[in-house]
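# Notes for the structure review
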Amino acid sequence: MYEKIEDLEFNIYRFLVENSDKNINYLIECKQTKKAIIIDPLDKNQILEIISKNNLIPELVINTHAHPDHIKYNSFFMNKYQIKLRAHDLCKDLFDYEFDNIFENDVIKFGNQSIKIIHTPGHCPEHISIILDKYIFCGDTVFNCGAGNVRFRGDCSMLFRTIHHKMKNLPDEFYLLPGHDYLMNNLNFLKNIIHNDTDFYNEIIKFTDVKDQDKLSELKDISFEKLYNPFFRIDELSFLDLLKNKEDFQNLNIEERFKLLREMRDEF
Ligand SMILES: [Fe+2]
């Protein structure tokens, strides 16, 4: 089952891939021309179904980054529709097929719409995010209430800079469209690290009361992340007050705090 987010001039299709990593696949469509972009294709059949049911005309494949679960069906869709792939220039050593590179601030047109690219390294060096109006497809840079790991070609300092110097500066009303649905795991982690006698804890509990865990989480915007994403708030002393092991954080600089938080999340 897929979901359609309707805007005036474009549609966004999204669905949860049936795997343990809870990947989310996306397609975007210019309503007037039916031209579409496929982002990080992993579930081939579901993407094909969306294309045929909605009479989409695929024009491009884009990768947020080159991890295997984001690029699996690049070649299939490129060949089937005779379309190009775009990905960050740093993918050139990672792909054995042709692609057109993209950089920070590139604008790409599809139909009568356009998307803007920002470079968001950290989870891996080549990571980009895609902005369409007030939506940001942020791959594995930021998840709802969490951040990407740095285990596979990642760099935590870089991820810290990307989140604190770039993602946090996005407008509050921008909706995050991450590459995985990790909201519940991230909320459980948050519950685990903060004092349970706080108002903040009670607010988080409310979000974890979800009946159908197999459904996609509702869209959250940047203002939500500014309140509930520990990786966004690790620079705030008032946030440190909520943490059970505040003393481990309080003498560290902000980047070191971010790294410690990332390590704790890895161990959770
Ligand atoms: Fe990834």
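Our structure is the block above this text.
Because the structure is a prediction, the values reported are computed rather than measured.

So, about the side chain of N229. Structurally, N229 can be placed in the loop between α7 (222–228) and α8 (230–233). Of the polar contacts made by the side chain of N229, one reaches the backbone nitrogen of F231; its length is 2.9 Å. In contact with N229, other than residues within four places in its own chain, are V142, F143, C145, G146 and F224.

A few words on the coordination of the iron ion. Those donors, H65 (NE2), H67 (ND1), H123 (NE2) and D140 (OD), are the protein atoms that reach the iron ion, and they lie 2.2 to 2.4 Å from it. Counting gaps between the donor residues of the iron ion yields the pattern H-x1-H-x55-H-x16-D. One end of the pair, H67, is in the loop between β5 (57–62) and α2 (68–71); the other, H123, is in the loop between β9 (113–119) and β10 (128–132), with 56 residues separating them in the sequence.

Time to look at helix α1 (residues 44–53). Where α1 is concerned, the buried positions are Q46, I47, I50 and I51. When α1 is viewed along its axis, its buried side chains cluster within an angular range of 140° and face the same direction. Projecting away from the buried face of α1 at angles above 90 degrees are the exposed residues N45, S52 and K53. Buried residues belonging to α1 abut β2 (10–16), β3 (24–30), β4 (35–39), β5 and α3 (74–81). Capping the start of α1 is the job of one residue whose side-chain oxygen sits 3.3 Å from the backbone nitrogen of N45: D43.

With that settled, consider unusual backbone geometry. Backbone geometry places K22, a non-glycine residue, at a positive phi of 50°. Positive phi, normally seen in glycine, also occurs at D133, with a value near 55°. With respect to the helices and strands, the residue D133 is situated in the loop between β10 and β11 (135–139).

The subject of this paragraph is the sheet that holds β2. Taken together, seven strands build an open sheet; the order of strands is β1-β2-β3-β4-β5-β6-β7 and the sheet is mixed. The sheet is open, and its two edges are formed by β1 (3–6) and β7 (100–102), each paired on a single side. The mean inter-strand angle of the sheet, taken between neighbouring strand axes irrespective of direction, is 25°. One ladder, built from three bridges, connects strand β6 (residues 84–88) with β7; its direction is parallel. The partner of A87 across the bridge, within β7, is N101. Relative to β5, α3 is tilted by about 150°, and along the sheet it contacts β4, β5 and β6.

Criteria and thresholds
Residues numbered from 1 in each chain as written. Predicted model: local features only at pLDDT ≥ 70, side-chain atom pairs only at ≥ 80, totals over all residues. Heavy atoms only, no water. Helix = DSSP H or I, 4+ residues; strand = E, 2+ residues; numbered from the N terminus. Polar contact = N/O pair within 3.5 Å; in protein donor to acceptor, adjacent residues only side chain to side chain. Contact = heavy atoms within 4.5 Å. Donors = N, O, S within 2.8 Å, 3.2 Å for Na, K, Ca; no water. Buried < 20%, exposed > 50% of the residue type's maximum accessible area, 1.4 Å probe, protein only. Arc of directions from axis to C-beta. Pairing = 2+ DSSP bridges. Axes fitted to C-alpha atoms, helices over the stretch in contact; angles between N-to-C directions.

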